[in-house]
Amino acid sequence: MSEEIKKFKITIDGQTTEVLPGTSILEAARQIGGKLVPPAMCYYKPLETSGGRCRTCLVEVSKGSDADSRPMPKLVASCRTGVMDGMEVKNLTSEKAQEGRKAVTEFLLINHPLDCPVCDQAGECHLQDLGYEHGVEATRTEFERRTFEPEDIGPNIKLHMNRFILCARCVLAANQLTEEREHGILFRGEHAEISTYLNKALDNDFIGNVIDVCPVGALTDRTSRFASRVWFTKPVNATCKCGKCSGKAVLWMKGDEIVRVTARKDQYDEIVDWICNECRWERKDIKLWDIEGPRHIDRHSVISLNHYEKPKNMVSLLDNPDAKELSPKDEIESEEKTENNFKLM
């Protein structure tokens, strides 16, 4: 009979859970769930050796363990710090952690352009969320930003180096999914950049997944470039018969048109099933897919707020007591009045 593995107890922002030895603080927080989960720009559970690069998941360890109750002297990256039995961690309740995350966000935005209005990643961008929550009104740096021209690194992939944040997710994804990686991080420090070997195009059956793992708009899909804002599309779960991958994907629809095809992701925006290039780019006809139904977006974003219809009998609390919430009847009457006004003109 195998011995039962003793679990470690950890408390994060006052909430306690038990995890297996070797679990990181970030994964323990995800096990609890909710708003206390630290953000992560570089960590990606399906990718081996990911994490420890962006530092957005910094937390304060107020108690090391039951064996050694001393607090850790500095903020630690929760994605790379293992849980100890009796550990106590502060995230939302730590002013030091929030200040550290704000400083990291400011560093990430030093060279990152504020081009959200023209970026295809807007609405799905984790840096956009961080910038909104922790960003400052203006940059304090006096140095000129690094600028690059957009580059095609494949027939369907556009590279925007201006938005690059050195998370290395795309490199790790190519390492894991392809036999021969054709791109990587060149140079070091502030000179680091993503590029291909001698301007070679990325060409592999699963290379399109580097677009899905990118947390910002550094890698975008050329086939859906500027086609539609993400909140104007409706995601649906769909399957197809494919001999290369699982055939499970998300179709982003605009009317009866498939704007783009992406892999399915969990609530932390991590891919559940990798999809091949054929499913992603060569099956833009709705007849080639079996529609399962609307896709529920777990991660809080403008997409998750884009409901297909308002639940019936839903009660909304309005801040203004004199305000009236519009009902479907009010909207119909408003449209009729507008049409009558046009007839009178």
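So, here's what we can say about the structure. In this text, all values refer to a predicted model and were calculated from it rather than measured experimentally.

Each value, and the rule that gives it
- Residues numbered from 1 in each chain as written.
- Predicted model: local features only at pLDDT ≥ 70, side-chain atom pairs only at ≥ 80, totals over all residues.
- Heavy atoms only, no water.
- Pairing = 2+ DSSP bridges.
- Helix = DSSP H or I, 4+ residues; strand = E, 2+ residues; numbered from the N terminus.
- Axes fitted to C-alpha atoms, helices over the stretch in contact; angles between N-to-C directions.
- Buried < 20%, exposed > 50% of the residue type's maximum accessible area, 1.4 Å probe, protein only.
- Contact = heavy atoms within 4.5 Å.
- Polar contact = N/O pair within 3.5 Å; in protein donor to acceptor, adjacent residues only side chain to side chain.
- Phe/Tyr/Trp six-rings, centres within 6.5 Å; stacked < 30°, edge-to-face > 60°.
- Lys NZ or Arg CZ within 6 Å of the ring centre and 35° of its normal.
- Disulfide = S-S within 2.5 Å.
- Arc of directions from axis to C-beta.

## Considerations on the sheet that holds strand E11 (residues 234-239)
Phase 1: What the five strands build is an open sheet, ordered E14-E13-E12-E11-E15; its pairing is antiparallel. Edge positions in the sheet fall to strand E14 (271-273) and strand E15 (290-294), since each has one partner strand and no second. Put simply, the sheet's adjacent strands are angled 50 degrees from each other on average, direction ignored.
Phase 2: Both E11 and strand E12 (residues 248-254) contribute to a ladder of six bridges, which runs antiparallel.

## Some details on the environment of aspartate 85
Phase 1: Mapped onto the secondary structure, aspartate 85 falls in the loop between strand E4 (76-77) and strand E5 (87-90).
Phase 2: By relative accessible area, aspartate 85 is classed as partly exposed at 23%.
Phase 3: In the structure, aspartate 85 is positioned 74 residues away from threonine 11 in sequence and 9.7 Å away in space, judged by C-alpha atoms.
Phase 4: Sequence-distant contacts of aspartate 85, that is, excluding residues within four places in its chain, are made with Lys6, Lys7, Phe8, Lys9, Ser65 and Asp66.
Phase 5: Here lysine 6 takes part through its side chain, which lies 2.7 Å from a polar atom of the side chain of aspartate 85.
Phase 6: A polar contact is formed between the side chain of aspartate 85 and the backbone nitrogen of lysine 9, at a distance of 2.9 Å.

## Points about the pairing of E12
On a regular strand, one side chain projects to one face of the sheet and the next to the other, so that they alternate.
Phase 1: Here E12 lies mainly inside the structure; five of its seven residues are buried.
Phase 2: Alignment of E12 against strand E13 (residues 257-265), held across six bridges, turns out to be antiparallel. Within E13, the residue paired with tryptophan 252 across the bridge is arginine 260.
Phase 3: Between E12 and E13, which pair antiparallel one after the other, the connecting turn spans two residues, and glycine 255 there sits at a positive phi close to 75 degrees.

## Overview of the packing of aromatic side chains
Phase 1: In the structure shown here, the tally under the stated rule is one aromatic pair.
Phase 2: Here tryptophan 231 and phenylalanine 232 contribute two aromatic rings whose centre-to-centre distance is 6.1 Å and whose plane-to-plane angle is 65 degrees, an arrangement assigned as edge-to-face.
Phase 3: Since its relative accessible area comes to 31%, tryptophan 231 is described here as partly exposed.
Phase 4: Looking at arginine 30, its charged tip hangs above the ring of tyrosine 268, at a distance of 4.3 Å from the centre.
Phase 5: The ring centre of tryptophan 252 lies 4.4 Å from the NZ or CZ of arginine 260, which sits over that ring.

## Considerations on the sheet that holds E5
Phase 1: The five strands lie next to each other as E2-E1-E5-E3-E4, forming an open sheet whose pairing is mixed. Bordering the open sheet on either side are strand E2 (15-19) and E4, each of which pairs with just one other strand.
Phase 2: The sheet contact formed by strand E3 (residues 58-63) and E5 spans three bridges and is antiparallel. Residue pairing in the sheet places valine 61 in a bridge with valine 89 of E5.
Phase 3: Along the sheet, helix H1 (residues 25-32) contacts strand E1 (8-12), E2, E3, E4 and E5; its crossing angle with E2, the most-contacted strand, is approximately 115 degrees.

## With respect to the state of the cysteines
Phase 1: Scanning all chains against the criterion turns up zero disulfides.
Phase 2: Its sulfur unpaired, cysteine 116 is 6.3 Å from the next cysteine sulfur, which belongs to cysteine 125.
Phase 3: Cysteine 279 forms no disulfide, and the closest cysteine sulfur to it belongs to cysteine 240, at a distance of 3.6 Å.

## Some points on helix H3 (residues 126-134)
Phase 1: Residues of H3 that are buried: His126, Leu127, Leu130 and His134. Burial along H3 is one-sided: seen end-on, the buried residues are contained in an arc of 95 degrees.
Phase 2: For H3, the secondary structure elements touched by its buried residues are helix H2 (95-108).

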